[in-house]
Amino acid sequence: MLKIIALGSDHAGFELKEKIKQYLEKRKLKIKDCGCYSEESVDYPDYAEKVARTVANGKAEKGIVICGTGIGMSMAANKVLGIRAALCWNEETAEMSRKHNDANILCLGARMIDHEKALRIVDIWLKTNFEGGRHRRRVNKISIIEKKIC
Ligand code: RB5
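The rules behind the values
- Residues numbered from 1 in each chain as written.
- Predicted model: local features only at pLDDT ≥ 70, side-chain atom pairs only at ≥ 80, totals over all residues.
- Heavy atoms only, no water.
- Near = heavy atom within 4 Å.
- Polar contact = N/O pair within 3.5 Å; in protein donor to acceptor, adjacent residues only side chain to side chain.
- Areas by Shrake-Rupley, 256 points an atom, 1.4 Å probe, with all protein chains shown as cover.
- Nonpolar A, V, L, I, M, F, W, Y, C, P; charged D, E, K, R; others polar.
- Axes fitted to C-alpha atoms, helices over the stretch in contact; angles between N-to-C directions.
- Helix = DSSP H or I, 4+ residues; strand = E, 2+ residues; numbered from the N terminus.
- Parallel < 35°, antiparallel > 145°, perpendicular 65-115°, else oblique.
- Left-handed = near helix turned anticlockwise from the far one by under 90°.
- Contact = heavy atoms within 4.5 Å.
- Phe/Tyr/Trp six-rings, centres within 6.5 Å; stacked < 30°, edge-to-face > 60°.
- Lys NZ or Arg CZ within 6 Å of the ring centre and 35° of its normal.
- Buried < 20%, exposed > 50% of the residue type's maximum accessible area, 1.4 Å probe, protein only.
- Expected span 1.5 Å × (residues − 1).

## Observations regarding the site of the ligand
- Close to the ligand lie D10, H11, A12, Y44, C67, G68, T69, G72 and R111, which account for all nearby residues.
- In the environment of the ligand, an oxygen atom lies 3.3 Å from a nitrogen or oxygen atom belonging to the side chain of R111.
- Contact with the protein chains hides 71% of the accessible area of the ligand, taken as 290 Å² for the molecule alone.
- A class-by-class count of the residues in the shell around the ligand yields three nonpolar, four polar and two charged.

## Let's talk about the packing of helix α1 (residues 14–26) against helix α5 (residues 115–127)
- It is at 11 Å that the axes of α1 and α5 come closest, and there the two elements cross at 50 degrees. On the basis of their axis angle, the class for α1 and α5 is oblique. As α1 runs across α5, the sense of the crossing is right-handed. Here α1 contributes E15, L16, K19, I20, Y23 and L24 to the contact with α5, which in turn contributes H115, A118, L119, V122, D123 and L126.
- Here the residues of the contact of α1 with α5 are counted per class, giving eight nonpolar, one polar and three charged.

## Some thoughts on the packing of aromatic side chains
- Per the stated rule, a full pass over the model turns up zero aromatic pairs.
- Its guanidinium or amino end placed over the ring of Y23, R27 lies 3.6 Å from that ring's centre, counting from NZ or CZ.

## A few points about the side chain of H115
- Inspection of the secondary structure assignment puts H115 in helix α5.
- When near neighbours in sequence (up to four residues on either side) are disregarded, H115 contacts E15, L16 and K19.

## Re the environment of I149
- Among the secondary structure elements, I149 is positioned in the segment after α6 (134–147).
- Judged by its relative accessible area of 85%, I149 falls in the exposed class.
- Distance from I149 to T93, taken between C-alpha atoms, is 31 Å for residues 56 residues apart in sequence.

## Here we look at α5
- The end-to-end C-alpha distance of α5, which contains 13 residues, comes to 19 Å, matching closely the 18 Å that a straight helix rising 1.5 Å per residue would cover.
- Taken together, the buried positions of α5 are occupied by H115, A118, L119, I121, V122, I124, W125 and L126.
- The secondary structure elements touched by the buried residues of α5 are β1 (4–9), α1, β3 (62–67), α4 (91–99) and β5 (105–109).

Keep in mind these numbers describe shape, not what the thing actually does.
Right, here's the structure in full:
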């Protein structure tokens, strides 16, 4: 798996996306910036889908998406097969979303948390591993749900 992090935001998350991008690049991580590229108003599902497909296709190991609340991004990203997008608002939820849920996309609400907290969340989310074991069984059950034809 490529050690690339896909980033995406709408206008509300643009400033924080740029901050996260700088922060990760300083740490020598490879970034795929899926946009948006300014604070001009855009629609969050377009960017959630770009990041989600990049991760689902194996072009990035993980993704981070940011909108005003993080809610729209998480709803949209979770529509893509194979994506487990977690909306995290503190270090604990970030850690648990990796340990227990094997989240492959982190969703942040730029209007809900300050930038310093967001960077701490990103940090812990990227360095925490999935615990597996009984959590693997539960995550597998999520995959079974998404493969059922409705
Ligand atoms: C944009 O105003 C806002 O609706 C969006 O960033 C996000 O919060 C949606 O969930």
